[in-house]
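Structural overview for review
One letter stands for each residue in the lines below.
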Amino acid sequence: MTKMHKLLVLIHKGNTLRLALSYLAIIMVLSASFSVIFYQTSSTGLHLQFTSTPTSEPRRVLILDSAQPLQTGHDEALDSINSQLQRSIHDIRKQLLQRLIMINAGVLATGVLFSFYLARKTLAPIEAAMEAQSRFSSDASHELRTPITALRVRNEVALYNPDLKLDDAKTIMQDSIDQAIKLEQISEGLLRLSQNGQMLTKAPVTIEAVTNEAVRQLQEMAQAKDITIHQVMPNITVIADLQSLAQVLTILIDNAVKYSPKNSTIYIEGESEGRYALLRIRDHGPGIGSADLPHIFDRFYRADYARTKHGKHGYGLGLAIAQKLIEQNDGKITVTSVVGQGSTFTVRLPLAS
Ligand code: ADP
């Protein structure tokens, strides 16, 4: 367990306890107040009931307070009834008090469990968000550290080398520029991932136009590998933020081109299904193994073949960004893949009416 994790566990325990105690205090204050009010109302009710006689009968008042002298009737029968009544009221009050104490003890016992349950429920989403944020920061700093260290070491070595030749210096400079570009791309990706979608402008968007533009931008890269991009795009309009959708399509088509072998075909197909539009990007690349498949939408996740064969292009942020953008547009992105045959990424978005 890392230090950060231990700290989070401690904070989490402390917070849960504090919140649970607050909930318990509220429950007990309510329960105790209710009991006091109930006891007082019942006592007063009892007193009135026993000291009143039916209205049809002549009214006789029994003075129950033993501190006061008996004022009505001097006969002994009335006296004994009076003291019996006093005892009964006292017993009933005592029983009522015992029951209320027992009920409150029960409320306290269940209240402890309920408060902890409620505190856990309340804090769970907050803690999940905190943990996600701390994981995000640690992932980001981990990914940024490697190229930054490489950049520094390379330049330091060159700087203190008295025999450094101009050609070597130029190579080092070129490498430094490449690393700086990589850092720029990672930080741009991280920035996109941290945005919460408030800037999105959702409006009717024709899928065909956005796809054409994304394909046009990647055509050169596809041609370099003799890859054909085949589009089957009926006239479909979705409700989405134009820029987000363009970015998602670029990421998915870019991946398809990147991971497809030379001389293959990529299919981009659209169709409507109920109130949704489905957009599929299908390639004949290496496919994604079942061990990698659940993780490919995670930040910085790259399958081994991607690191080795396609190491230079990509930082494992594309699909995480695509997923976030599609979710912000009330859509969903899924993948099916067969190793050795290829992958199909499906984007689902709400149709424009
Ligand atoms: P990267 O920059 O590595 O492409 P992504 O987030 O776009 O990052 O993709 C994450 C991982 O998912 C890739 O490293 C690769 O292993 C896998 N992947 C994505 N698209 C495809 C595809 N079309 N074919 C095979 N593997 C893919």
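Figured I'd write up the structure that's included with this text. Given the structure is predicted, the values throughout are model-derived calculations rather than measurements. One numbering rule holds for all chains: residues counted from 1, following each sequence as written. Under the rules for a predicted model, residues below a pLDDT of 70 receive no local features and side-chain atom pairs below 80 are neither given nor counted, while totals for whole chains, interfaces and linings still include all residues. Each side-chain value is worked out from all heavy atoms of the structure, with water and hydrogens disregarded.

Mapped onto the fold, Ser 244 is located in helix H5 (residues 242-259). For the purposes of these results, a polar contact is taken to be a pair of N or O atoms within 3.5 Å, where, inside protein, one atom must be able to donate a hydrogen and its partner to accept one; residues adjacent in sequence count only when each atom of the pair is a side-chain atom. Of note is the side chain of Ser 244, whose polar atom sits 2.6 Å from the side chain of Asp 241. In this analysis, two residues are considered to be in contact whenever any of their non-hydrogen atoms come within 4.5 Å of each other. Excluding anything up to four places from it in sequence, Ser 244 contacts Leu 200, Leu 325 and Asn 329. The secondary structure listing takes helices from DSSP runs of H or I that are at least 4 residues long and strands from runs of E that are at least 2 residues long, numbered from the N terminus.

In this section: the packing of aromatic side chains. Here a ring pair, both rings aromatic, is described through the centre-centre distance and the interplanar angle of the planes. Stacked, tilted and edge-to-face are the three classes assigned to paired rings of Phe, Tyr and Trp, where Trp is represented by its six-membered ring and a pair needs centres within 6.5 Å; plane angles under 30 degrees give stacked, over 60 edge-to-face, the rest tilted. Under the definition given, this model contains two aromatic pairs. Ring geometry for Phe 34 against Phe 38: centres 6.1 Å apart, planes inclined by 20 degrees, an arrangement best described as stacked. Taken together, the residues span about one helical turn, with Phe 34 and Phe 38 both in helix H1 (residues 3-51) at a distance of four residues. Relative accessibility under 20% of the residue-type maximum defines a buried residue, over 50% an exposed one, and the middle range a partly exposed one, all with a 1.4 Å probe and only protein chains included. Residue Phe 38 is classed as partly exposed on the basis of its relative accessible area of 39%. The ring of Tyr 276 is capped by Arg 348, whose NZ or CZ atom sits 4.3 Å from the centre of that ring. A ring is considered to have a charge above it if a Lys NZ or an Arg CZ atom is located within 6 Å of its centre and within 35 degrees of its normal.

Before going further, it helps to spend a moment on the site of the ligand. Think of it this way: one heavy atom of a residue within 4 Å of a molecule or strand is enough to make that residue near it. With respect to spatial proximity, 19 residues lie near the ligand, and among them Asn 255, Tyr 259, Arg 302, Tyr 305 and Leu 319 are the closest. Contact between the ligand and Tyr 259: an oxygen atom at 2.8 Å from a side-chain N or O atom of the residue. Contacts to the ligand include Asp 283, whose side-chain N or O atom sits 2.8 Å from a nitrogen atom. Buried and open spaces are told apart on a 1 Å grid over the protein atoms alone, a cavity being a set of points where a 1.4 Å probe fits but cannot get out and a pocket being an open set with protein on both sides within 12 Å along at least five of seven lines. Residues with an atom within 4 Å of a point are the lining residues. A pocket or cavity is taken to hold a molecule when more than half of that molecule's atoms are within 2 Å of the pocket's grid points. When atom positions are compared with the pocket grids, the ligand is found to occupy the largest pocket.

With that settled, the discussion passes to the sheet that holds strand S7 (residues 342-350). In spatial order, the strands read S2-S4-S5-S7-S6; together these five strands make up an open sheet with mixed pairing. Every interior strand has two partners, whereas the edge strands, strand S2 (228-232) and strand S6 (332-338), have only one. The mean inter-strand angle of the sheet, taken between neighbouring strand axes irrespective of direction, is 15 degrees. Two strands are counted as paired when DSSP detects at least two bridges linking them. Of the strand pairs in this sheet, S2 and strand S4 (residues 265-273) are connected by five bridges, and their pairing is parallel. In the strand pairing of S4, Val 232 is matched with Glu 269. Axes here refer to lines fitted to C-alpha atoms; in helices the fit is confined to the stretch in contact. Angles between the N-to-C directions go from 0 to 180 degrees. Strands in contact with H5 are S2, S4, strand S5 (276-282), S6 and S7; relative to S5, the strand with the most contacts, it is inclined by about 25 degrees.

Once that is clear, we can look at the packing of helix H3 (residues 166-194) against helix H7 (residues 318-328). Following both chains from N to C, one finds H3 and H7 inclined at 25 degrees, their axes separated by 9 Å at the closest point. Considered as vectors, H3 and H7 are oriented roughly parallel to each other. Crossing handedness for the pair H3 and H7: left-handed. Touching Gly 189, Arg 192, Leu 193 and Ser 194 of H3 are Ala 320, Ile 321 and Lys 324, all from H7. Of the residues in the contact of H3 with H7, the class split is three nonpolar, two polar and two charged. Angle categories: roughly parallel below 35 degrees, roughly antiparallel above 145, roughly perpendicular from 65 to 115, and oblique for all the rest. Left-handed describes a crossing whose near helix is turned anticlockwise from the far helix through less than a right angle; right-handed describes the clockwise counterpart. Residues are grouped as follows: nonpolar covers Ala, Val, Leu, Ile, Met, Phe, Trp, Tyr, Cys and Pro; charged covers Asp, Glu, Lys and Arg; every other residue, Gly included, is treated as polar.

Attention now goes to the layout of surface pockets. Grid points are joined across faces, edges and corners, and a volume is the space filled by probe spheres set on the points. Quantified by volume, the largest pocket comes out at close to 880 Å³. Considering the residues around the largest pocket, the lining is formed by 32 residues, among which Asp 254, Asn 255, Lys 258, Gly 314 and Gly 318 are closest to the centre. Sorting the residues of the lining of the largest pocket by element identifies H3, H5, helix H6 (304-309), H7 and S7 as the ones contributing at least two each. The element that contributes the greatest number of residues to the lining of the largest pocket is H5, accounting for eight residues. Domain delimitation in this document rests on an assignment produced automatically or drawn from a domain database. For the lining of the largest pocket, the domains that each give at least three residues are domain 2 (137-194) and domain 3 (202-350).

Turning our attention to H3. In this analysis, the expected span of each helix is defined as 1.5 Å times one less than the number of residues it contains. Between the first and last C-alpha of H3 there are 42 Å, a value that for 29 residues agrees with the 42 Å anticipated at 1.5 Å per step. Of all the positions in H3, only Ala 169, Ile 172, Ser 176, Leu 183, Ile 186, Gly 189, Leu 190 and Leu 193 are classed as buried. The inward-facing, buried residues of H3 abut helix H2 (76-159) and H7.

The working definition used for a salt bridge is a side-chain nitrogen of Lys or Arg within 4 Å of a carboxyl oxygen of Asp or Glu. Overall, the coordinates contain 10 salt bridges when judged by the stated rule. A salt bridge links Arg 152 to Glu 156; the nearest nitrogen and oxygen atoms lie 3.3 Å apart. With a gap of four residues between them, Arg 152 and Glu 156 both fall in helix H2, about one helical turn apart. Taking relative accessible area as the criterion, Glu 156 reaches 35% and is therefore assigned partly exposed. With a shortest N-O distance of 2.9 Å, Arg 216 and Glu 213 are connected by a salt bridge. With a gap of three residues between them, Arg 216 and Glu 213 both fall in helix H4 (residues 207-224), about one helical turn apart.

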